[in-house]
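Breakdown of the fold
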Amino acid sequence: MARQVKRAFKYRFYPTNEQAAELSRTFGCVRLVYNKALEERTRVWCEEQGRVSYVQSSAALTQWKKTEELAFLTEVSSVPLQQALRHLQTAFGDFFAQRAKYPRFKSRKKSRASAEYTRSAFTWRDGQLILAKMAGALDIRWSRPLPEGSESTTVTVSRDAAGRWFVSLLCDDRIAPPPATKNAVGIDAGITSLVTLSTGEKVTNPRHERRDRARLARAQRELSRKAKGSANREKACRKVARVRARIADRRRDFLHKLSTRLVRENQTVVIEDLTVRNLLKNGGLARAISDASWTQLRSMLEYKCAWYGRELVVIDRWFPSSKLCGACGTVAAKMPLNVREWTCDCGAVHDRDINAARNIKAAGLAVSACGDGVRPQGSTPGGQSSVKQEPPRATAGIPRLRRGGSQAVTAPGAGP
């Protein structure tokens, strides 16, 4: 039975000069409203120990438009500005639920330039998309068709650092499930091999960043020679961004193909709960770990398993998959990273990665049979030495808010 899901379809488009100017103004206004609302929420909490709701922020936006200083906010569509306030409200909701850190201000150079339009702010007619206060339809490159009979509920327009323009349409889509299968696979993430499967297959790491490292370094050297604030520096920045975008696009394409294949071929997919943020503290491997992008692969597996009705099992991060003998169950005392093949006391010879993938699969199937939250036997935090196993990190509290030279420290769970 087909599944009904919300799915975003992203396309590249080429705006006219007038459209680009209008969208750039909208991006700037969205960023200003978000930052101003965040500043007001922070001020009210620091000075009055009070909170500001979305309704109050929306009313404040109306008043800002009436002032001479911010009257230009009326020149763009009001819908993206309201959506910015809703995004801020969501950010605070995630913060209070301890799912994210305290919301940060948006930077003109570092933050993603985007604007979100709801149904009242765009028109979809005869395959053409017309945004509010925009002259003419967007020149979109339809690289794939939209779902038949589906209407877009939200349109997000964005511009990346390389100067490319994209439009994303959120639609209702029906996804047909793949053929039923009883296969299960354990996945061991690595650097030399991007993933090693319990079937014995090793997927070579494409190392996209390394392949373009010389080109990126050359572009960065040229950027370092340009005067700050000059037009040539802006051009050099876009050149660096284009190289980085090429790397990211190729990596994303490869991970999409890999994750789709794994989900289609297996009913149960088992992975480790890696703490990538802690792993990146390893100076010698941080660059290679970032290039592997394990977090992005896990994210793809999560939503694709939900789409296609597959089961994704995440085993405990302390499970000694690399040090556990798959034949007799003995856990080795030490397993340095340079040991890629080892022999157990029982005589079994193991390839480190394949053995780890098979242990992950066995542990995942046990967890699936026993229920969520079951720690595989022998997975105790003490004495772990693998680079993929780090000690638990204390939960960070709310950042200190500095205003006028004073510090106001808030307790976890409190805030605007």
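Residues numbered from 1 in each chain as written. Predicted model: local features only at pLDDT ≥ 70, side-chain atom pairs only at ≥ 80, totals over all residues. Heavy atoms only, no water.

In terms of helices and strands, the chain carries 10 helices and 16 strands. Across the 416 residues that make up the chain, the buried fraction comes to 43%. Considering only residue pairs separated by 6 or more positions, the chain has 72% of its internal contacts joining residues 24 or more positions apart. Summing over all exposed atoms, the chain offers an accessible surface of approximately 22900 Å²; the carbon and sulfur share of this is 49%. (Helix = DSSP H or I, 4+ residues; strand = E, 2+ residues; numbered from the N terminus. Buried < 20%, exposed > 50% of the residue type's maximum accessible area, 1.4 Å probe, protein only. Contact = heavy atoms within 4.5 Å. Areas by Shrake-Rupley, 256 points an atom, 1.4 Å probe, with all protein chains shown as cover.)

A few words on a positive patch on the surface. Taken together, the side chains of Arg-215, Arg-218, Arg-221, Arg-225 and Lys-226 define a basic patch exposed on the protein surface. Here Lys-226 falls in the partly exposed class, since its relative accessible area comes to 33%. (Patch = residues over 30% accessible without salt bridge, like charges linked within 9 Å, V, L, I, M, F, W, Y side chains within 5 Å. Salt bridge = Lys/Arg side-chain N within 4 Å of Asp/Glu carboxyl O. Lys, Arg positive; Asp, Glu negative; His and termini not counted. Charge placed at Lys NZ, Arg CZ, Asp CG, Glu CD.)

On the basis of which strands lie adjacent, the open sheet formed by five strands has the order β2-β6-β7-β1-β5 and antiparallel pairing. The open sheet has two free edges, formed respectively by β2 (113-118) and β5 (140-141), since each of these has just one partner strand. When strand β6 (residues 154-159) meets strand β7 (residues 165-175), the two strands line up antiparallel, connected through six bridges. By the bridge assignment, Val-155 is partnered in β7 with Leu-169. (Pairing = 2+ DSSP bridges.)

Ordered by their spatial adjacency, five strands build an open sheet running β10-β9-β8-β11-β12, and the pairing between neighbours is mixed. In the strand order of this sheet, the two ends are held by β10 (202-204) and β12 (311-315), each with one partner. Here the average twist between neighbouring strands, direction ignored, is 25 degrees. Taken together, the five bridges between strand β11 (residues 268-272) and β12 define a ladder with parallel strand orientation. Paired with Glu-272 across the two strands is Ile-315, which belongs to β12. Packed on one face of the sheet, helix α6 (residues 231-265) meets β8 (184-189), β9 (193-197), β10 and β11 and runs near 0 degrees to β9. Sitting on the sheet, helix α10 (residues 352-370) touches β8, β9, β10, β11 and β12, and the angle it makes with β8 is about 130 degrees. (Axes fitted to C-alpha atoms, helices over the stretch in contact; angles between N-to-C directions.)

With that settled, the discussion passes to the pattern of salt bridges. The final tally for this structure, using the stated rule, is 25 salt bridges. One salt bridge connects Glu-201 with Arg-261, and the closest N-O pair in it is separated by 3.1 Å. Separated by 60 residues along the polypeptide, Glu-201 in the loop between β9 and β10 and Arg-261 in helix α6 bring together distant segments of the chain. Accessibility expressed as a relative area gives 27% for Arg-261, which makes it partly exposed. With a closest N to O distance of 3.0 Å, Glu-302 and Arg-298 form a salt bridge.

Below, the discussion takes up helix α5 (residues 213-224). Taking 1.5 Å of rise per residue, 12 residues should cover 16 Å, and α5 covers 16 Å from first to last C-alpha, within 8% of that figure. Of all the positions in α5, only Leu-216, Ala-219 and Leu-223 are classed as buried. Seen from one end, α5 has its buried residues packed into an arc of 65 degrees, which puts them on one side. Across from the buried face of α5, at angles greater than 90 degrees, the exposed residues are Ala-214 and Ser-224. Against α6 lie the buried residues of α5. (Expected span 1.5 Å × (residues − 1). Arc of directions from axis to C-beta.)

The predicted model of the chain has a mean per-residue pLDDT of 86, with 89% of residues at 70 or higher. Confidence drops under a pLDDT of 50 for residues 373-415, and excluding neighbours within four residues, the segment shows 82 contacts in the predicted structure. (pLDDT = per-residue confidence, 0-100.)

Pairing geometry for strand β3 (residues 122-125) and strand β4 (residues 128-131), over four bridges, is antiparallel. Paired with Trp-124 across the bridge in β4 is Leu-129. Between β3 and the antiparallel strand that follows it, β4, lie two residues; Asp-126 among them carries a positive phi value of about 55 degrees.

Position of Ser-198 relative to the elements: it lies in the loop between β9 and β10. Assessed through its relative accessible area of 8%, Ser-198 is described here as buried. Once residues within four sequence positions are removed from consideration, Ser-198 is found in contact with Ala-184, Val-185, Gly-186, Ala-357, Arg-358 and Lys-361.

To continue, consider the pairing of β11. Most of β11 sits inside the fold, with five of its five residues counted as buried. With burial as the criterion, each face of β11 is covered, one bearing Thr-268, Val-270 and Glu-272 and the other bearing Val-269 and Ile-271. Two elements, β8 and β11, share three bridges in a ladder whose sense is parallel. Of the residues in β11, the one forming a bridge with Gly-186 is Val-270.

With that settled, the discussion passes to the packing of aromatic side chains. Across all of its chains, the model carries nine aromatic pairs by this definition. On the basis of an interplanar angle of 25 degrees and a centroid distance of 5.8 Å, the ring pair of Phe-27 and Trp-165 is categorised as stacked. Separated by 138 residues along the polypeptide, Phe-27 in helix α1 (residues 17-48) and Trp-165 in strand β7 bring together distant segments of the chain. Overall, the relative accessible area of 3% leaves Phe-27 in the buried class. On the numbers, 6.0 Å between centres and 35 degrees between planes, the contact of Phe-92 with Phe-96 is tilted. Remark: Phe-96 and Phe-92 occur in helix α3 (residues 78-96); sequence separation between them is four residues, near one turn of the helix. Over the ring of Phe-166 we find Lys-10, and its NZ or CZ is 4.7 Å from the ring centre. (Phe/Tyr/Trp six-rings, centres within 6.5 Å; stacked < 30°, edge-to-face > 60°. Lys NZ or Arg CZ within 6 Å of the ring centre and 35° of its normal.)

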